[in-house]
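Coordinate inspection notes
For reference, the chains in residue letters:
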Amino acid sequence: MFFCKYKIYHIKKRKPIYKKHKLKLISLLLLIIFSVLIFFIENNIQSIISNKFSGNKSLNLSLEDVDFNLNGNFIIKNFLLSNKNNDSLVYSSKLSLDPISLTKAIFKQKYELRKIDLKNGFIDLKFFLDSSSVDKTNLSANDSLIFFNSNFFIENLNFEKFSIKKNGELLLKDFNFDINKLKFSEKNLELIVKDLNFRYKEYQISKLYSKISFLKETLFLDDFNVKINNSFLNGSLKVNNPLDSSKFEIIGFFENSKIISSDVISNSISKDFDFQAFFNLTNNKIVFKDLKFFDNDNLLKASLVLSNFENNRPKQIEINFDQFNSSSNELQKTFPNIFGSILPSSLKTLGLFKSNGNIVYNNSLIRSSFDLSTKNGKIYSNLELSDFDLIDDAKYLGTVKGSNINLSKIIGLPFLGKSNFDFSISGQGFTQELLNTSVEGNIFNLEINDYNYQNIVASGKVNNKIFDGYFKVNDVNLEMDFSGLVNFTNEIIDFDFSTNINKSNLDSLKFSNLPNTKLSGTIITKLRGNDINNLIGDISFSNFKYQSDDFEYEFEDLIAQSRINNDRRFFNINSTDAIDGIIIGG
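What you see is a predicted model; the values in this text were computed from it and never measured. Here, residues in each chain are numbered from 1, in the same order as that chain's written sequence. The model is predicted, so local features are restricted to residues of pLDDT at least 70 and side-chain atom pairs to those at 80 or more, both for listing and for counting; the totals for chains, interfaces and linings are taken over all residues. Only hydrogens and water are set aside; all other atoms, that is, all heavy atoms of the structure, feed into the side-chain values.

**Let's talk about the overall build of the protein**
Rules: Strands are runs of DSSP state E lasting at least 2 residues, helices are runs of H or I lasting at least 4, and numbering of each runs from the N terminus. Only protein chains enter the calculation, and the probe is 1.4 Å; a residue is then buried if its accessible area is under 20% of its type maximum, exposed if over 50%, and partly exposed in between. Whether two residues are in contact is decided by their heavy atoms: any pair within 4.5 Å suffices. The protein chains shown are the only cover counted for residues, whose accessible areas, like all others here, come from Shrake-Rupley with a 1.4 Å probe.
In terms of helices and strands, the protein carries six helices and 31 strands. Going through the 586 residues of the protein one by one, you find that 38% of them count as buried. Long-range pairs, those at least 24 residues apart, make up 39% of the contacts in the protein between residues at least 6 apart in sequence. Counting every atom, the protein has about 34300 Å² of accessible surface; 54% of that belongs to carbon and sulfur.

**Focus on the environment of Leu446**
Mapped onto the elements, Leu446 comes out in strand 22 (residues 436-448). Measuring from C-alpha to C-alpha, the distance between Leu446 and Phe421 comes to 8.5 Å, with 25 residues separating the pair along the chain. Dropping the residues within four chain positions of it, Leu446 is found in contact with Leu407, Leu416, Gly417, Lys418, Ser419, Tyr451, Asn452, Tyr453 and Ile456.

**A closer look at a nonpolar patch on the surface**
Short version of the rule: Like charges within 9 Å and nonpolar side chains (Val, Leu, Ile, Met, Phe, Trp, Tyr) within 5 Å are joined into patches, using only residues over 30% in relative accessible area that form no salt bridge. Salt bridge, as used here: a side-chain nitrogen of Lys or Arg that lies within 4 Å of a carboxyl oxygen of Asp or Glu.
On the surface, a cluster of nonpolar side chains totalling about 270 Å² of accessible area is made up of Leu514, Phe551 and Tyr553. Following the sequence through the fold, Phe551 ends up in the loop between strand 28 (536-547) and strand 29 (552-565). Residue classification places Phe551 among the partly exposed residues on the basis of a relative accessible area of 31%.

**Observations regarding the packing of aromatic side chains**
Which entries qualify depends on this criterion: Note on ring pairs: Phe, Tyr and Trp rings are taken, using the six-membered ring of Trp, and paired if centres are within 6.5 Å. Classes follow the plane angle, with under 30 degrees stacked, over 60 edge-to-face and the rest tilted. Counting as a charge over the ring demands two things of the Lys NZ or Arg CZ atom: a distance within 6 Å of the ring centre and an angle within 35 degrees of the ring normal.
Taken as a whole and assessed by the stated rule, the structure comprises 22 aromatic pairs. On the basis of an interplanar angle of 15° and a centroid distance of 4.7 Å, the ring pair of Phe273 and Phe293 is categorised as stacked. Of this pair, Phe273 sits in strand 13 (residues 272-282) while Phe293 sits in strand 14 (residues 285-294), and the two are 20 residues apart along the sequence. The exposure class of Phe273 is buried, given its relative accessible area of 4%. The exposure class of Phe293 is partly exposed, given its relative accessible area of 23%. An aromatic cluster is built from Phe224, Phe254, Phe273, Phe275, Phe279, Phe288 and Phe293, whose rings are joined through pairwise contacts. When the ring centre of Phe122 is taken as origin, the NZ or CZ atom of Lys165, which lies over that ring, is 4.2 Å away.

**Observations regarding the side chain of Thr499**
With respect to the helices, strands and loops of the structure, Thr499 is situated in strand 26 (residues 493-504). The exposure class assigned to Thr499 is buried, which follows from its relative accessible area of 6%. Sequence-distant contacts of Thr499, defined by excluding residues within four places in its chain, comprise Met480, Asp481, Phe482, Gly521, Thr522 and Ile523.

**Notes on the pattern of salt bridges**
For the structure on display, the rule yields 13 salt bridges. Salt-bridge contacts for Lys315 lead to Glu310; the nearest nitrogen and oxygen are separated by 3.6 Å. Note that Lys333 and Glu330 form a salt bridge whose closest N and O atoms lie 3.1 Å from each other. Residue Lys333 and its partner Glu330 are located together in helix 5 (residues 328-334), separated by three residues, close to a single helical turn. Taking the relative accessible area as the measure of exposure, Lys333 reaches 48% and is therefore partly exposed. According to the relative accessible area criterion, Glu330 is buried, its value standing at 10%. Salt bridges sharing common partners tie together Lys271, Asp295, Asp297, Glu330 and Lys333.

The analysis is restricted to geometry; functional conclusions fall outside its scope.
Quick look at the structure:
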C-alpha cells in the first residue's frame, strides 16, 4: 500500500519535468527547421529570384549577394534593375526586407510586406515616366515582382541617401524619405510620407509629411507640410494626369505658411512673412490667387501669373495687387539692392505708402498701371517701360497723374510746391542726373511762393536738369504764357525765358507788399539765383504797364539790371520813355 502511494506520487511529481523537456525539444526542432529553411533560402534566394526574372522580356535583375542578419532580415547587396537596353533603372547597394514577406512575394505572389529599407542608390524616372524604357505589353504574371498586377501593401518603406535621375541626368541627391502604409489596389495607390529630405540645386527640402493617394489618374497630397531651406509650407494639392504632359495640372492651396525673405530673394536679410494662396500649375503657367504675404510692417494682397517658361524661368510675369502697404525704408532694409536694380532709385524717399494696380513684365517690356498713396500725395500712373536693364535709365511712355504732389521731388526745382496735375510723358531716366523726358499736360494747381496757381498748361522737355518748354497760365490773378528754359544743374538756378503777361496781381501773388499792385507786358528774363532775395541778372520790359493805388507807370521799353555787391542790392534802370538811374537797396 505504501509502495503504491509512493509510486503514484513519484509519477505525478515528474510529469511537469517531462512537459518542459517536450517543449524544449519542439522548440529545438522548430529552430533547426527554421535554420535549415533560412540556410536554404539564403543560399538559393539569388537563383530563385533570377529564375523568376529569366522569362521577363523587359527587365533584367542583378544581385551580388544575399545575407541574413541578426535582425531577422534578408540583406540584398547591389540590387540593380535594368531594361533590355542595359539602362540602369533602380539601384540600391543595400536592400533589406523580412524573409516571410519575401517568401510570400516570390512563391505566392502575395504582397503584404512589413518593412523595406533601401540605402545608397538611385531611381531613374525614365522607369516611371517613359513607356519606351519598359515593354509593358510583354509582361507576364511572373513579372509582378516589379509591376504589381495584384494588390499589395507595405507597412514601411524607407529610402536613405538616394539620388533621383532622369535619363541618367542627376536631378536630386541626398534623397531620404520614409513611407508608411503604402497600399496599391486596382490601380489606386495610398501612402503616408512621414519624412522626406533631399536637395535640389540651392534648395534644401526637408520634413515633408503628407497623406498621398492616387485615384482615377489623379494624385492627391492632403494636409502636407514641408520645410524648404528655412521656410515652412502647409496645405493640400492634387495633380491631374501626372503622367500625361499635355494634360498635366496641379491645383492646391497654402495656408498658415511662413516664408523667409532670404529663401526667395538672394542678398536679402532673413525676415519672416506669413503666407497663404490658392495655386494652379500647368506645363507652362503658374497661377496664384488670393495671395496674401504679410508681417507687422508689410502687406501684399495680390494674384500672380508666371508663364512662358524657358530654362525654368518665366518670360512673362503678371501681378494684380489689390493692396500693397509698406515703406521705402522697409523695402530697403529687407531687400538691400531693390532700389536701382528692380525699383527706380528715386523711390527711396517715398516713406510709408499704399498701392494697388497691376504690372505685366516680359523680357522687353513692362506695362504698369497703379495708384500710389504717400504722406506727400497720390500718384496715378499708366506706363510702358523698355530698355530696363538699368532701371534708373529705363525708357518710358504713358501718363502720370498727381494729387497733392510736391513737384520739386520729381522735377528737382526747389521753388515748386504741391500740385495736382495730369501729364503725358515720354522719355528716359528716373533720377535727376539721368532724366531726359518730354512732358505735356495740365497742372490744375501749383504752389509757388505760398500762392496756389490754377489752370496751367505745360509742354516741355527736361534733360540734364534743364527744363526747356512752354507754360500758359490762366489764373484769376495771372494770365500769361512762358517760353524758355530753366537750368537747375547747379545749386544756383539760371532762368532764360520770355513771358507775355496779360494780367498779374502782384500783391495777391505775393510778389509785392503794396495793395492792388498790377503788372502787364512782355518780359525777357535772364536771371540767376535760387531765392527771391538772391536773384541777379537782367530783365527787359516791352509795352510795360505797372500800377497800384498810388501811382501808375507805362512805357514802351525798359531794361532793369539787378546786382548784389557786399550784400547790398543795386538796380540799374534804362528806359527811353521812362526813367534812367541806379537804385541802391539795403
